[in-house]
Amino acid sequence: MKKSFTLLYFLLIFPIALFAQRPNVVRKNVPMDSIQLSDPFILADAKTAMYYMTGTGGMMWKSKDMKLWDGPFQVTKTDPQSWMGPRPAIWAAELHEYKGKYYYFATFTNHDIKIDTVKGNVIERRASHVLISDNPDGPYVPMKDPMYLPANRPTLDGTFWIDKDGKPYLIYCGEWLQNWNGTVEKIELKPDLSGTIGVGKVLFRASDSPWSREKDANGKDKPNKVTDGPYVFRTKTGKLGMIWTSWVYDVYTQGVAYSTSGTLDGPWVQEKDPITPPNFGHGMIFTSLDGKLLMALHSHQNINGRYKRIPHLFELDDSGDKLVVRGPYKP
């Protein structure tokens, strides 16, 4: 399992590094199923009547109807003197509008800085971080704090939530490569999201999942070690939930958990079964400009040892205590 997951990370990073060295070519009127993109995130912006899609790679696509997209556009301006270095890899970028500003939550990796070695895996400097812009299509630039999370820990897949206490929070994963039992955690954000307050708190661990599976060194079943792509939501009845992704052996799979307290502090109870079909994951939830509740996520396919990931849309129903996935949605 260690080799396969390490290979997964390499295959995700390596194409990004190559892409960053080539001139960017913007394409027009591209169907969604012709875009290769991991961890898609869609902001439906009512102010501009546009959809903005980003994800791993850090580039942006734009559309008026989600049928045809223009892109990819470069939208980030990171500080080359920061811990990220001059050319960070960018994973799982998200766009959030908050108090009139637009925020770019993403995972940044500096391949030149090594922070740890665990079970033979050399761990690079990687962390969730937040950038800001006045406009949904950027440019997104750094704010005050140089770091949001500890430098000696690899963290990833940061997302945003306002809890019942009215405070903003960064929800993120503690990476399995270091802790060998991935976590989902929260940390309070400053009121203007320019940094974090206090220390992180573990909400649940990969081993809490009843559906994710892998084999141990003796070939016996156990919960998978990976936590990936958390995204928090609330149903119309007020139930607080979180979708997140792991693996069932070699099958990329998304599950869901619900908080019994209705707050981020939980406790979080994991549903027994995955919420989406096999080989789909890293989802997020948004409402389209015409009022449909949708999930954006990517399909996962291994073709001759290379991973092909395509963004997809599913239609949702959140009218009850639990989120229901109705099936694929075509704009």
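Model, not experiment: these values are computed from the prediction.

Visitor: Help me understand the side chain of Ser246 in this model?
Guide: For Ser246, the position within the fold is in strand E16 (residues 240-248). For Ser246, the side chain forms a polar contact with the main-chain oxygen of Val226, separated by 2.8 Å. Residues in contact with Ser246, not counting those within four places in the same chain, are Trp211, Ser212, Asn224, Val226, Val251, Tyr252 and Thr253.

Visitor: Where do I start with the environment of Lys225 in this structure?
Guide: By secondary structure assignment, the location of Lys225 is in the loop between strand E14 (221-222) and strand E15 (228-234). In sequence terms Lys225 and Trp180 are 45 residues apart; their C-alpha atoms lie 6.0 Å from each other. Within the local environment of Lys225, its side chain forms a polar contact with the side chain of Glu214, the two groups lying 2.7 Å apart.

Visitor: Looking at this structure, I do not really get the nonpolar core. What am I missing?
Guide: Buried together is how nonpolar side chains tend to be arranged in soluble globular proteins. By size, the foremost hydrophobic cluster in this structure holds 48 residues, and its most contacted members are Ile42, Trp69, Tyr104, Ile243, Phe286 and Leu323. The element that contributes the greatest number of residues to this core is strand E20 (residues 293-303), accounting for 5 residues. With 19 residues, the next largest nonpolar core counts Trp161, Val184, Trp211 and Trp244 among its residues.

Visitor: Would you explain the confidence of the model for the protein in this entry?
Guide: Parts of the model with low pLDDT should not have their predicted coordinates read in detail. Of all residues in the protein, 93% attain a pLDDT of 70 or more, and the chain-wide mean is 94. A low-confidence stretch, residues 1-21 (pLDDT under 50), is modelled with 44 contacts involving residues beyond four sequence positions or located in other chains.

Visitor: So what exactly am I meant to see when it comes to the sheet that holds strand E21 (residues 306-317) here?
Guide: The strands that make up a sheet are held in pairs by hydrogen bonds between backbone atoms, and each pair lies either parallel or antiparallel. As summarised here, the arrangement of the 4 strands in space is E19-E20-E21-E22, forming an open sheet in which the pairing is antiparallel. Both outer strands of the open sheet, strand E19 (280-287) and strand E22 (324-328), are each paired with one neighbouring strand and no more. Neighbour-to-neighbour, the strand axes of this sheet turn through a mean angle of 35°, independent of strand direction. When E20 meets E21, the two strands line up antiparallel, connected through 10 bridges. Among the inter-strand pairings, Ala296 is bridged to a residue of E21, identified as Leu313.

Visitor: Help me understand the packing of aromatic side chains in this model?
Guide: Geometrically, a pair of aromatic rings is defined through the distance of the ring centres and the angle of the planes. Under the counting rule described, the total for this entry stands at 12 aromatic pairs. Ring plane angle 85° and centroid distance 6.0 Å describe the contact between Phe233 and Tyr258, whose orientation is recorded as edge-to-face. Taken as a pair, Phe233 in strand E15 and Tyr258 in strand E17 (residues 251-259) lie far apart in primary sequence, 25 residues in all. Residue Phe233 is classed as buried on the basis of its relative accessible area of 6%. Ring pairing ties together the aromatic residues Tyr98, Tyr103, Phe105 and Phe160, which thus form one cluster.

Visitor: I tried to follow the pattern of salt bridges on my own but got confused; where do I start?
Guide: Two side chains with opposite charge may pair up if their charged atoms get near one another. All told, the structure shown has 17 salt bridges when counted by the stated rule. Its salt-bridge partner being Asp70, residue Lys28 comes within 3.8 Å of it at the nearest N-O pair. A residue pair is termed long-range when its members are at least 10 positions apart, and Lys28 in strand E1 (residues 27-31) and Asp70 in strand E5 (residues 68-74) qualify at 42 residues. Residue Lys28 is classed as exposed on the basis of its relative accessible area of 56%. Put simply, Lys114 and Glu124 hold a salt bridge, and the shortest N to O gap is 3.3 Å. Separated by 10 residues along the polypeptide, Lys114 in strand E7 (residues 101-118) and Glu124 in strand E8 (residues 121-133) bring together distant segments of the chain. With relative accessibility at 47%, the residue Lys114 sits in the partly exposed group. Via salt bridges that share partners, Lys186, Lys201 and Asp265 belong to a single interconnected network.

Visitor: Sorry if this is basic, but what is going on with the side chain of Ser194 here?
Guide: Position of Ser194 among the secondary structure elements: in the loop between strand E11 (183-189) and strand E12 (196-205). Dropping the residues within four chain positions of it, Ser194 is found in contact with Met143, Lys144, Asp145 and Tyr148.

Visitor: What's the story with the sheet that holds E8 in this structure? I'm lost.
Guide: Pairing is antiparallel across the open sheet formed by 3 strands, whose spatial order is E6-E7-E8. Here the strands that pair on one side only, and so sit at the sheet edges, are strand E6 (89-98) and E8. Taken pair by pair, the neighbouring strands of this sheet meet at an average axis angle of 20°, ignoring direction. Pairing of E6 with E7, which is carried by 8 bridges, proceeds in the antiparallel orientation.

Visitor: How do you make sense of the environment of Trp211 when you look at a structure like this?
Guide: Along the chain, Trp211 falls in the loop between E12 and strand E13 (214-215). Owing to a relative accessible area of 5%, Trp211 belongs among the buried residues under this scheme. Considered as a pair, Trp211 and Arg306 are 95 residues apart in the sequence and their alpha carbons are 25 Å apart. Ignoring sequence-local partners within four residues, the contact set of Trp211 consists of Trp244, Thr245, Ser246, Trp247, Val248, Thr253, Gln254, Gly255, Glu271, Lys272, Asp273 and Pro274.

What counts, and where the lines are drawn
- Residues numbered from 1 in each chain as written.
- Predicted model: local features only at pLDDT ≥ 70, side-chain atom pairs only at ≥ 80, totals over all residues.
- Heavy atoms only, no water.
- Helix = DSSP H or I, 4+ residues; strand = E, 2+ residues; numbered from the N terminus.
- Polar contact = N/O pair within 3.5 Å; in protein donor to acceptor, adjacent residues only side chain to side chain.
- Contact = heavy atoms within 4.5 Å.
- Core = buried A, V, L, I, M, F, W, Y, C linked by side-chain atoms within 4.5 Å.
- Buried < 20%, exposed > 50% of the residue type's maximum accessible area, 1.4 Å probe, protein only.
- pLDDT = per-residue confidence, 0-100.
- Pairing = 2+ DSSP bridges.
- Axes fitted to C-alpha atoms, helices over the stretch in contact; angles between N-to-C directions.
- Phe/Tyr/Trp six-rings, centres within 6.5 Å; stacked < 30°, edge-to-face > 60°.
- Salt bridge = Lys/Arg side-chain N within 4 Å of Asp/Glu carboxyl O.

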